[in-house]
Amino acid sequence: MHKVAAVGSRDTVLAFRALGLEVVPAETAAEASRAVFNLAQAGCAVIFITEDMAAQIGETMERYRTAPLPAIIPIPGATGSDGSGMKRVRANVEKAIGADILFREEG
Amino acid sequence: MALMNVNPTRMEMSRLKERLKTAVRGHKLLKDKRDEMMRRFVVLVRENARLRAEVEKALSAALADFSLCSGIMEPEMLEEAVLYPVRTVNIAVGQANIMSVNVPKISVDEESLGEIVLSYGLVQTSSQLDGAIAGLANVLPQMLRLAEIEKTCNLLADEIEKTRRRVNALEYVMIPDLNETIRFIAMKLDENERGALTRLMKVKDMIAARDQA
């Protein structure tokens, strides 16, 4: 059995604790990076991380990107989405296909 | 295109022809692999985009509710309320294979996603907290599905890029190089043969001329 975790600013991730997710509050990039590393070591399969934190720890995200597990997924915080999660999806499309064919009509 | 650095011999030529055959076959296979991965990827990534839009919308709303509660309630109370959850979310992670890319397959333990039981008493907490947590609980299955699909898309995108580079390298470098080298060797061998023939004829003429004299 694998666990699901959430990393991010205290106010945001506290809510996930009530749902039974493993929660690690992190206020700085270093804390977030360490939290993600520890969770990955502990065998978490899915780590949700707030977008603002995800933007700060690009290196750590990159490191786990090519591994099948864990899946590190940016989620919007309480202030709403800044679009960086969608940007990742777009980057994938561009990488795989060579051009952004899916979102062209919107962007 | 660059000529390979090889000796122009028959041996070398048959070796290169063998390599060319392998390269052409590999190129065809990889191209098929790339096309099929592309097809699957487009389907997945569309779903990914749709799911992400949904999750982001729902999650922003639920988290906004929650932060509203944290404004109303004492921080200590709030923390205490959610400190000991009555359940833990457990997921089973299997593996699926999409065109020889290993992708995670997440299946959620139904039990851990069942009816949400509040972990706190109703006396010290605001009623908005109940709503916020219920909202979050509703998004959670979608979030997990998003996690699975997004990871799959990531891995597929990587693999497609790799495969595309291989296909292009074979198509535009390896195969032309091999063709050119084979052609070069064939020419060289023909030229040698012609040279040997003329030499023989010349010698024969010279012998005939000497015999007559």
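The rules we used
- Residues numbered from 1 in each chain as written.
- Chains lettered and ligands numbered in written order.
- Predicted model: local features only at pLDDT ≥ 70, side-chain atom pairs only at ≥ 80, totals over all residues.
- Helix = DSSP H or I, 4+ residues; strand = E, 2+ residues; numbered from the N terminus.
- Rg over C-alpha atoms; globule rule 2.2 N^0.38 Å.
- Buried ≥ 20, exposed ≤ 12 C-beta atoms within 10 Å, placed from the backbone.
- Contact = placed C-beta atoms within 7 Å.
- Nonpolar A, V, L, I, M, F, W, Y, C, P; charged D, E, K, R; others polar.
- Pairing = 2+ DSSP bridges.
- Core = buried A, V, L, I, M, F, W, Y, C linked by C-beta atoms within 7 Å.
- Expected span 1.5 Å × (residues − 1).
- Arc of directions from axis to C-beta.
- Axes fitted to C-alpha atoms, helices over the stretch in contact; angles between N-to-C directions.
- Parallel < 35°, antiparallel > 145°, perpendicular 65-115°, else oblique.
- Left-handed = near helix turned anticlockwise from the far one by under 90°.
- Right-handed = clockwise from strand over helix to strand, strands pointing away.

1. Looking at the overall build of chain A
Here is step 1 of the chain: When you go through chain A residue by residue, the secondary structure sums to five helices and four strands.
Here is step 2 of the chain: Counting helices and strands in the order they occur from the N terminus, chain A gives β-α-β-α-β-α-α-β-α.
Here is step 3 of the chain: Taking 13 Å as the expected radius of gyration for a compact globule of 107 residues, we find that chain A reaches 14 Å, a close match to that expectation.
Here is step 4 of the chain: Each principal axis of the C-alpha atoms in chain A carries an extent, and together these give about 40 × 30 × 25 Å.
Here is step 5 of the chain: Buried positions account for 48% of the 107 residues belonging to chain A.

2. Observations regarding the environment of B:I91
Here is step 1 of the chain: Here B:I91 lies in strand β1 (residues 90-98).
Here is step 2 of the chain: As for B:I91 and B:L144, which are separated by 53 residues in sequence, their C-alpha atoms are 9.1 Å apart.

3. Details of unusual backbone geometry
Here is step 1 of the chain: Residue A:P70 follows A:L69 across a cis peptide bond; omega there is -5°.
Here is step 2 of the chain: Relative to the helices and strands, A:P70 is located in the loop between α4 (58-65) and β4 (71-75).
Here is step 3 of the chain: Backbone geometry at B:M99 places phi at a positive 50°, although glycine is not the residue there.
Here is step 4 of the chain: Along the polypeptide, B:M99 turns up in the loop between β1 and β2 (101-108).
Here is step 5 of the chain: In this structure B:M99 comes out as partly exposed when scored by C-beta crowding, with 18 C-beta atoms within 10 Å.

4. What to know about the interface of chain B and chain A
Here is step 1 of the chain: Between chain B and chain A, the residue contacts involve 51 residues of the former and 38 residues of the latter.
Here is step 2 of the chain: Top contributing element to the side of chain B that touches chain A by residue count: helix α3 (residues 127-212) of chain B, with 19 residues.
Here is step 3 of the chain: Residues belonging to the side of chain B that touches chain A are distributed by class as follows: 32 nonpolar, 10 polar and nine charged.
Here is step 4 of the chain: Where strand β1 (residues 2-8) of chain A and β1(B) come together, two bridges link them in antiparallel fashion. Its bridge partner being in β1(B), A:K3 is matched across the sheet by B:N90.

5. A word on the nonpolar core
Here is step 1 of the chain: Core analysis: the biggest nonpolar cluster contains 69 residues, and A:V7, A:A15, A:V46 and A:I47 have the highest contact counts within it.
Here is step 2 of the chain: Residues in contact with A:I47, not counting those within four places in the same chain, are A:A5, A:V7, A:V36, A:L39, A:P70 and A:I72.

6. Re helix α2 (residues 29-41) of chain A
All names here are of chain A.
Here is step 1 of the chain: Taking 1.5 Å per residue as the helical rise, α2 with its 13 residues ought to reach 18 Å, and the 18 Å between its terminal C-alpha atoms agrees with that figure.
Here is step 2 of the chain: Listed as buried for α2 are A32, S33, A35, V36 and L39. Along the axis of α2, the buried positions cluster into a sector of 160°, meaning they face one direction only. In this structure, α2 carries A30 and Q41 as exposed residues pointing more than 90 degrees from its buried face.

7. Some details on the packing of helix α5 (residues 84-97) of chain A against α3(B)
Here is step 1 of the chain: Interhelical geometry of α5(A) versus α3(B) gives an angle of 25° and a closest axis separation of 8 Å. Classed by the angle they form, the pair α5(A) and α3(B) counts as roughly parallel. Handedness of the α5(A)/α3(B) crossing: left-handed. Residues A:N92, A:K95 and A:A96 of α5(A) form the contact with α3(B), whose own contacting residues are B:C153, B:N154, B:L156, B:A157, B:I160 and B:E161.
Here is step 2 of the chain: When its residues are assigned to classes, the contact of α5(A) with α3(B) shows five nonpolar, two polar and two charged.

8. Quick look at the pairing of strand β2 (residues 22-25) of chain A
All names here are of chain A.
Here is step 1 of the chain: Of the pairings in the sheet, the one linking β1 to β2 comprises four bridges and is parallel in character. Bridge pairing in β2 links G8 to P25.
Here is step 2 of the chain: With respect to chirality, the unit in which β1 leads through helix α1 (residues 10-17) into the neighbouring parallel β2 is right-handed.

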